[in-house]
Amino acid sequence: VWYHKPVINEELLQSLPNLKIVASAGVGIDHLDLNLLSSYGVKVYNTPFAVSTDTADLAMALMLVSSRRLVEGYQMAVFSNTEYFPADWLGDEVSGKTLGIVGMGTIGYKVAERANGFEMKILYHNRNRRNKEEESAVGAIYCKKLDYLLQQSDFVLLSVILTPQTHKLIGKRELELMKPTATLINISRGLVVNQDALVEALHNKVIKAAALDVTYPEPLPRDHPLLKLKNVIITPHIGSATRKSRRVMMENMTESIRAGLAGLPVPHEVL
């Protein structure tokens, strides 16, 4: 399954009685009905580690681009009517700021490793707490309550999988808990955020900015209000979009299929 295609529904499963395996590119499995697949005896494999390094790199890129206003700066530099660069055109620093990571899985932890190099204070909220050695290695502080992380962070990074529990995890209430100077960064799934509430928060300066690699739907309708706001950066879901990552993803899928059909253990089976 690549880019959620083909759609794995009951009609397809009934038409493929010998189907044994579905291999899905990437980490997210929200496009797959695991109960339905299991009822047909079909196993599911994904490629969680193939995407982690490049997605973490993109998270840092979004943080830097947004805080330093690079898109606006580029537009100013190349605009045909620009005659001078204003001295009071300023961005914000990243180094030394507080990063709150919501979802400290493989990708979230790799972001923490990178943020540690920027001397950032790192808070994180996760279903399960990391061990003390892992926390110490990146200087991360566990927040049992999401509210505390939202209140304290200059940047809030969403790096969770989409489940019923994380659907619209960030809504009007959560956005109002954030600092008015804070930036929301989403590299997970668009539906983790209530987009209507986000538009309102950005328009009313409840938070300062948003940097989104994911939206709902993708792409957004061309008249969507998020596309008209200057304090928003949107990229086309490119967290894993490097030549190396895409090749490794495909290799992982084929290796899983071969192992699964041979009855061998498969490390990336989704249970």
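This text follows the structure it describes.
Everything numeric here is computed off the predicted structure, so don't read it as measured data. (Residues numbered from 1 in each chain as written. Predicted model: local features only at pLDDT ≥ 70, side-chain atom pairs only at ≥ 80, totals over all residues. Heavy atoms only, no water.)

Draft legend 1. Structural detail: the sheet that holds strand S8 (residues 209-212). Taken together, the seven strands give an open sheet; going across it, the order is S5-S4-S3-S6-S7-S8-S9, and neighbouring strands pair in parallel fashion. Both edges of this open sheet fall to strand S5 (140-142) and strand S9 (232-234), since each of them pairs with a single strand only. Each strand of the sheet is rotated relative to its neighbour by a mean of 15 degrees, with strand direction disregarded. In the sheet, strand S3 (residues 98-102) pairs with strand S6 (residues 155-158) via four bridges, with the strands oriented parallel. When the bridges of S6 are listed, Gly100 appears paired with Val156. (Pairing = 2+ DSSP bridges. Helix = DSSP H or I, 4+ residues; strand = E, 2+ residues; numbered from the N terminus. Axes fitted to C-alpha atoms, helices over the stretch in contact; angles between N-to-C directions.)

Draft legend 2. Quick peek at the sheet that holds strand S1 (residues 21-23). Strand order across the open sheet formed by three strands is S1-S2-S10, with mixed pairing between neighbours. Two strands lie at the open edges of the sheet, namely S1 and strand S10 (269-270), each paired on one side alone. The pairing of strand S2 (residues 43-45) with S10 spans two bridges and is antiparallel. Along S10, the bridge assignment pairs Val44 with Val270. Across the sheet, helix H10 (residues 243-261) lies against S1 and S2, angled at about 165 degrees from S1, the strand it touches most. (Contact = heavy atoms within 4.5 Å.)

Draft legend 3. Spotlight on the layout of surface pockets. There is about 520 Å³ of room inside the second largest pocket. If you trace the second largest pocket, you find 21 residues lining it, with Ser66, Arg69, Glu72, Lys230 and Asn231 closest to the centre. Mapped by element, the contributors of at least two residues to the lining of the second largest pocket are helix H3 (52-67), helix H4 (70-78), S8 and S9. For the lining of the second largest pocket, the class distribution of residues is eight nonpolar, six polar and seven charged. (1 Å grid on protein atoms, 1.4 Å probe; cavity = no way out; pocket = protein on both sides within 12 Å on 5 of 7 lines; lining within 4 Å. Points joined across faces, edges and corners; volume = space filled by probe spheres on them. Nonpolar A, V, L, I, M, F, W, Y, C, P; charged D, E, K, R; others polar.)

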